[in-house]
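Residue strings, one per chain:
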Amino acid sequence: MNKNSGYEHEKTKELIEKFFDGNTSLTEERQLYRYFNGRNVDTGLEQYRDIFVCFGNMAEDCHDTSKQTRTTVIRMLFRTVAAAAAVILTVIGIARLEKDDGKTKLASIYSGSYVIKNGKRIDNLKDIQPIIEQTLDDAEHIERMAGEQNVINTAEQEILDNIHDKYNRERIIQLLNN
Amino acid sequence: MNNRIVIILVLTFCCVLHTYGQNKLDEMVEQYSITGPSTFTSAVERDPKTRKVIKVVKKLSISDRDIPKFRNAFKTVTTGNLTETVSEDKTVMLLTEENKRNNRIYMLTFRTYHRSTFLHDGNITVIIKYN
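Cut-offs used in this document
Residues numbered from 1 in each chain as written. Chains lettered and ligands numbered in written order. Predicted model: local features only at pLDDT ≥ 70, side-chain atom pairs only at ≥ 80, totals over all residues. Heavy atoms only, no water. Contact = heavy atoms within 4.5 Å. Buried area = accessible area lost by both parts, 1.4 Å probe. Salt bridge = Lys/Arg side-chain N within 4 Å of Asp/Glu carboxyl O. Polar contact = N/O pair within 3.5 Å; in protein donor to acceptor, adjacent residues only side chain to side chain. Helix = DSSP H or I, 4+ residues; strand = E, 2+ residues; numbered from the N terminus. Nonpolar A, V, L, I, M, F, W, Y, C, P; charged D, E, K, R; others polar. Pairing = 2+ DSSP bridges. Expected span 1.5 Å × (residues − 1). Bend = angle between axes of the 7 residues up to and from the residue. Buried < 20%, exposed > 50% of the residue type's maximum accessible area, 1.4 Å probe, protein only. Patch = residues over 30% accessible without salt bridge, like charges linked within 9 Å, V, L, I, M, F, W, Y side chains within 5 Å. Areas by Shrake-Rupley, 256 points an atom, 1.4 Å probe, with all protein chains shown as cover. Lys, Arg positive; Asp, Glu negative; His and termini not counted. Charge placed at Lys NZ, Arg CZ, Asp CG, Glu CD. Phe/Tyr/Trp six-rings, centres within 6.5 Å; stacked < 30°, edge-to-face > 60°. pLDDT = per-residue confidence, 0-100. Axes fitted to C-alpha atoms, helices over the stretch in contact; angles between N-to-C directions.

This brings us to the interface of chain A and chain B. Contacts between the two partners involve 26 residues from chain A and, on the opposite side, 27 residues from chain B. Both sides of the chain A and chain B interface together cover about 2300 Å² of buried area, and 58% of this is carbon and sulfur. Ranking the residues of chain A by area buried against chain B places A:Ile116, A:Ile142 and A:Glu143 at the top, with a combined share of 22%. Our enumeration of links across chain A and chain B arrives at three salt bridges. A salt bridge links B:Lys59 to A:Asp138; the nearest nitrogen and oxygen atoms lie 2.5 Å apart. For the interface between chain A and chain B, the tally reads nine residue pairs in polar contact (both at pLDDT 80 or more). Looking at the side of chain A that touches chain B, the elements with two or more residues in it are α3 (49-110), β1 (114-117) and α4 (125-161) of chain A. Looking at the side of chain A that touches chain B, the element that brings in the most residues is α4(A), giving 14 residues. Considering only residue class, the side of chain A that touches chain B consists of 13 nonpolar, nine polar and four charged. Looking at chain direction, β1(A) and strand β1 (residues 39-46) of chain B are connected through four bridges and run antiparallel.

Residues and elements named next belong to chain A. The terminal C-alpha atoms of α4 lie 50 Å apart, and with 37 residues this matches the ideal 54 Å at 1.5 Å per residue to within 8%. At Ile131, α4 shows its strongest bend, of approximately 30°. Taken together, the buried positions of α4 are Leu125, Ile128, Ile132, Thr135, Leu136, Ala139, Ile142, Glu143, Ala146, Gln149 and Leu160. Looking at where α4 begins, the residue whose side-chain oxygen comes 2.9 Å from the main-chain nitrogen of Lys126 is Asn124.

All names here are of chain A. A cluster of basic side chains, namely Arg96, Lys99, Lys103 and Lys126, defines a positive patch on the protein surface. Ranked by residues supplied to the positive patch, first place goes to α3 with three residues. Relative to the helices and strands, Lys99 resides in helix α3. Overall, the relative accessible area of 58% leaves Lys99 in the exposed class.

Looking now at the packing of aromatic side chains. All names here are of chain A. Inspection of the entire model under this criterion finds ten aromatic pairs over all chains. Judged by centre distance (6.2 Å) and plane angle (45°), the ring pair of Phe20 and Tyr48 falls under tilted. Of this pair, Phe20 sits in helix α1 (residues 3-21) while Tyr48 is found in the loop between α2 (26-37) and α3, placing the two residues 28 residues apart along the sequence. Looking at Phe20, the relative accessible area reads 47%, which means it is partly exposed.

For the rest of this paragraph, the subject is the confidence of the model for chain B. Confidence along chain B averages 83 in pLDDT terms, with 84% of residues attaining 70 or more. Complex prediction metrics read pTM 0.60 and ipTM 0.76.

Residues of chain A with pLDDT of at least 70 account for 90%, and the chain-wide mean is 82. No element of chain A has a lower mean pLDDT than helix α5 (residues 166-177) of chain A, at 78, and none a higher one than β1(A), at 91.

Attention now goes to the pattern of salt bridges. For the structure shown, the criterion picks out 13 salt bridges over all chains. Within this structure, A:Glu143, B:Glu45, B:Lys55 and B:Lys129 form a network of salt bridges that share partners.

Turning next to the sheet that holds β1(B). On the basis of which strands lie adjacent, the open sheet formed by eight strands has the order β2(A)-β1(A)-β1(B)-β2(B)-β6(B)-β5(B)-β4(B)-β3(B) and antiparallel pairing. The open sheet has two edge strands with one neighbour each: β2 (120-122) of chain A together with β3 (81-86) of chain B. Shown here is a sheet whose adjacent strand axes are inclined to one another by a mean of 10°, direction ignored. Bridge analysis of strand β2 (residues 53-62) of chain B against strand β6 (residues 119-130) of chain B gives eight bridges, and the strand direction is antiparallel. Looking at β6(B), one finds that B:Val57 is bridged to B:Ile127.

Spelled out as structure tokens, the structure:
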């Protein structure tokens, strides 16, 4: 045994005592694990080999586990953010689809409609929708009126067609026009 | 041969005359919508399934001084049925025309003050219903 190995042996013994007292730093513990994992373990310290090899393995696992935990957390966070982004995009997409669907519906019924106000033309169907609907409602009313008027005209004409006397015809025409 | 030419010319003239009144009114409405100080609405109603045009409704407000011009245009239409309803303060002129392609209704309304010559609040509505 040379001086160095003797020094190392004494140093290791101190560290072992310190270890069992719970006073070793992480660096010192790693020194012990390295020592007992090596080939040149002093025969006087051989009895501690199994213990420190085991402790050394456990420490590695913990280190790996914490690494793994960090990786897992990051992965989970990433997945959560990705899922949230997907939900938000889906909601925005549905909202836009509904908006486009509304536009498509309007266009399918009123496409081609427009308003000119004081020389300015407005084509936006959404903006002019109330005006279009009011105009079409008014048109229905006019159509009914025109229909009724046609019926009246037809009836009057039938009456006049059946009056052959000139004087009476003129009288009836006057009555109808008053 | 000469007779044939005359007949063709007469028929052509009649066809032109037939559409003249109606076209004149349509042209006046279109022109006025662009140049006049007015509000013009062109509403198109379509079949939502086929997108085919069912009805076109045009509504035009006209200024007081232009009412006589449109009134005369109504009276010069030689085809269709024209009725004029005059009440205390309002006149309604209704012109209806039917053909194979479409039915048309033209309506001119304006107000008069106690049947005076002062005319105001003129409006024209054109309804084209496609068969």
